[in-house]
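Given next are the chains, with one letter for each unit.
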Amino acid sequence: VTAEDLSEPAGFDPHRYTLCMSRAVIVGVGQVTERPEDPTYMARSPVELAAEAARLALVDAQAVTDLGVHIDLVAGVRQIETSSPDGGSPFGRSNNFPRSVMARLGHQPLQAWLESPGGQSPQTLVASTVEAIEADAFHTALIVGAEALSTQRHLMAQNLTRDWSEEIGGGLLERDATFDDTLGGKLIRAQRFDAAAGYALLDQVRRARLGVSRADYRRAIAELLAPFSRVAAANPQAALREPFAAEDLAMPGPRNRPVADPYLRLTVARDLVNQAAAVVLTSVDRARVLGIGEDRWIYLHGHAQAIEHPVLQRPDLSRSP
């Protein structure tokens, strides 16, 4: 193969080729974070936080018209506290989270989805939405998620309460209801498994296979996560803006109690947050109709997912193929 064989043909336009590769684009994003110690703290519900993130995403798209009118699909991520067999919010919740968010915006789309909880769920919704747009099932979609567990704890500690219950009509496709597929429904229902304990089990089996001591393994976890804390400290949307050295993360203490061996509190994913995020996706054709400038377009060229076996079905708990 010669260099001439690999050269671009006359008149080749990479941008036009990109347009042919994908008909779906991200055009707007929004984020919201509330901390009880902030002077602007409003103790908002998950729906209220999500609605604010959605407003920011719609504004971010810089459409020349009311973008909310053109939303065909709203897709939400299920809250953590309503995702286990015995879960529930102490202040109540919406019976239709995605449509409650859209009601705050004054619009109702044709369809609403509710995705299972998990770190992969937002990206799963992005992938599914792109597929729907490519298939002409929808033209414009809003994906949104929110948690207010920190506000729940903050109010309950002061013996305060709120009414976050809400009944709203309209269809809702619940794509998955629980953690069962990942953690194993039998373990959850027997109250012998939660996320921290489950991952700790897997890590202990991996530690044994590697022949590493508890102290060295905990140190490796700390060295892995310390740079993440430095990134969070510089991010105004982070729930905890404090950098930690690896020595701090590896040392048990009042702020860093053991949660599930080998994990200490500061090395476990933080779910006690008040945070929301939203993203708007649309087809290229619809983006042009709505007057959204190409400088707002983020192309999605492809996606892939890997689905792990339930814990009790894995041949080797120390590995994740």
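Residues numbered from 1 in each chain as written. Predicted model: local features only at pLDDT ≥ 70, side-chain atom pairs only at ≥ 80, totals over all residues. Heavy atoms only, no water.

Draft legend 1. Main features of the overall build of the chain. Looking only at helices and strands, the chain has twelve helices and nine strands in total. By sequence separation, contacts in the chain at least 24 residues apart represent 78% of the contacts at least 6 residues apart. Carbon together with sulfur atoms contributes 54% to the accessible area of the chain, which is approximately 17500 Å² in total. (Helix = DSSP H or I, 4+ residues; strand = E, 2+ residues; numbered from the N terminus. Contact = heavy atoms within 4.5 Å. Areas by Shrake-Rupley, 256 points an atom, 1.4 Å probe, with all protein chains shown as cover.)

Draft legend 2. Inspection of the pairing of strand 1 (residues 24–33) at higher detail. Where burial is concerned, most of strand 1 is hidden: eight out of the ten residues are buried. As judged from the nine bridges shared by strand 1 and strand 8 (residues 274–283), these two strands associate in the antiparallel manner. If you follow Val-32 over to strand 8, its bridge partner there is Ala-276. Alignment of strand 1 against strand 9 (residues 298–299), held across two bridges, turns out to be antiparallel. Looking across to strand 9, one finds that Val-25 is bridged to Tyr-299. (Buried < 20%, exposed > 50% of the residue type's maximum accessible area, 1.4 Å probe, protein only. Pairing = 2+ DSSP bridges.)

Draft legend 3. View of the confidence of the model for the chain. Mean pLDDT over the chain works out to 87, with 86% of the residues at or above the 70 mark. Every residue in residues 14–20 scores below 50 in pLDDT, and together they form nine contacts with partners more than four places removed in sequence or on other chains. (pLDDT = per-residue confidence, 0-100.)

Draft legend 4. Fine view of empty space enclosed by the protein. Going through the model one piece at a time under the given rule, you end up with one cavity of 30 Å³ or more. Its volume calculated, the largest cavity comes out at about 60 Å³. Taken together, Arg-78, Gln-79, Thr-82, Arg-93, Ser-94, Asn-95, Asn-96, Phe-97 and Leu-114 make up the lining of the largest cavity. Among the residues making up the lining of the largest cavity, the classes are represented as two nonpolar, five polar and two charged. (1 Å grid on protein atoms, 1.4 Å probe; cavity = no way out; pocket = protein on both sides within 12 Å on 5 of 7 lines; lining within 4 Å. Points joined across faces, edges and corners; volume = space filled by probe spheres on them. Nonpolar A, V, L, I, M, F, W, Y, C, P; charged D, E, K, R; others polar.)

Draft legend 5. Molecular detail of the layout of surface pockets. Its volume calculated, the second largest pocket comes out at about 240 Å³. If you trace the second largest pocket, you find 15 residues lining it, with Pro-36, Glu-37, Ser-150, Arg-153 and Arg-270 closest to the centre. No other element matches the four residues that helix 6 (residues 149–157) contributes to the lining of the second largest pocket. Grouping the constituent residues of the lining of the second largest pocket by class yields six nonpolar, three polar and six charged.

Draft legend 6. Structural view of the environment of Glu-223. Checked against the element boundaries, Glu-223 lands in helix 10 (residues 214–233). Here Glu-223 falls in the partly exposed class, since its relative accessible area comes to 45%. Through-space distance from the C-alpha of Glu-223 to that of Glu-247 is 8.2 Å; in sequence the pair is 24 residues apart.

Draft legend 7. Broad picture of the nonpolar core. Core analysis: the biggest nonpolar cluster contains 37 residues, and Phe-97, Val-101, Leu-142 and Trp-297 have the highest contact counts within it. Elements with a minimum of two residues in this core: strand 1, helix 3 (46–60), helix 4 (97–105), strand 3 (111–115), strand 4 (140–148), strand 8 and helix 12 (284–289). At eight residues, the largest contribution of residues to this core is made by helix 3. Non-local contacts of Val-101, meaning those with residues more than four positions away in its chain, are made with Val-47, Ala-50, Ala-51, Ala-54 and Val-144. (Core = buried A, V, L, I, M, F, W, Y, C linked by side-chain atoms within 4.5 Å.)

Draft legend 8. The arrangement of helix 10 in detail. If you check helix 10, its first and last C-alpha atoms are 28 Å apart, about what 20 residues at 1.5 Å a residue would give, namely 28 Å. The largest bend along helix 10 measures about 30° and falls at Leu-225, with the proline Pro-227 one to four residues further on. Residues of helix 10 that are buried: Tyr-217, Ile-221, Ala-222, Ala-226, Ser-229, Ala-232 and Ala-233. (Expected span 1.5 Å × (residues − 1). Bend = angle between axes of the 7 residues up to and from the residue.)

Draft legend 9. Region of interest: helix 6. Of all the residues in helix 6, the buried ones are Leu-149, Ser-150, Thr-151, Gln-152 and Leu-155. Among the structural elements, strand 4 and strand 8 are those in contact with the buried residues of helix 6. Just downstream of helix 6, Asn-159 is the residue with a positive phi angle, here 60°.

Draft legend 10. Highlighting the pattern of salt bridges. Summed over all chains, the structure comprises 15 salt bridges. Taking the shortest distance from any N to any O, the salt bridge between Arg-219 and Glu-247 comes out at 3.3 Å. Pair noted here: Arg-219 is in helix 10 and Glu-247 is in helix 11 (residues 246–250), with a separation of 28 residues, a long-range link. Accessibility expressed as a relative area gives 30% for Arg-219, which makes it partly exposed. (Salt bridge = Lys/Arg side-chain N within 4 Å of Asp/Glu carboxyl O.)

Draft legend 11. Seen up close, the sheet that holds strand 1. Ordered by their spatial adjacency, seven strands build an open sheet running 5-3-2-4-8-1-9, and the pairing between neighbours is mixed. The open sheet terminates on both sides in strands that have one partner only, identified here as strand 5 (173–174) and strand 9. Most of the contacts of helix 6 go to strand 4, to which it runs at about 30°, and overall it touches strand 4 and strand 8. (Axes fitted to C-alpha atoms, helices over the stretch in contact; angles between N-to-C directions.)

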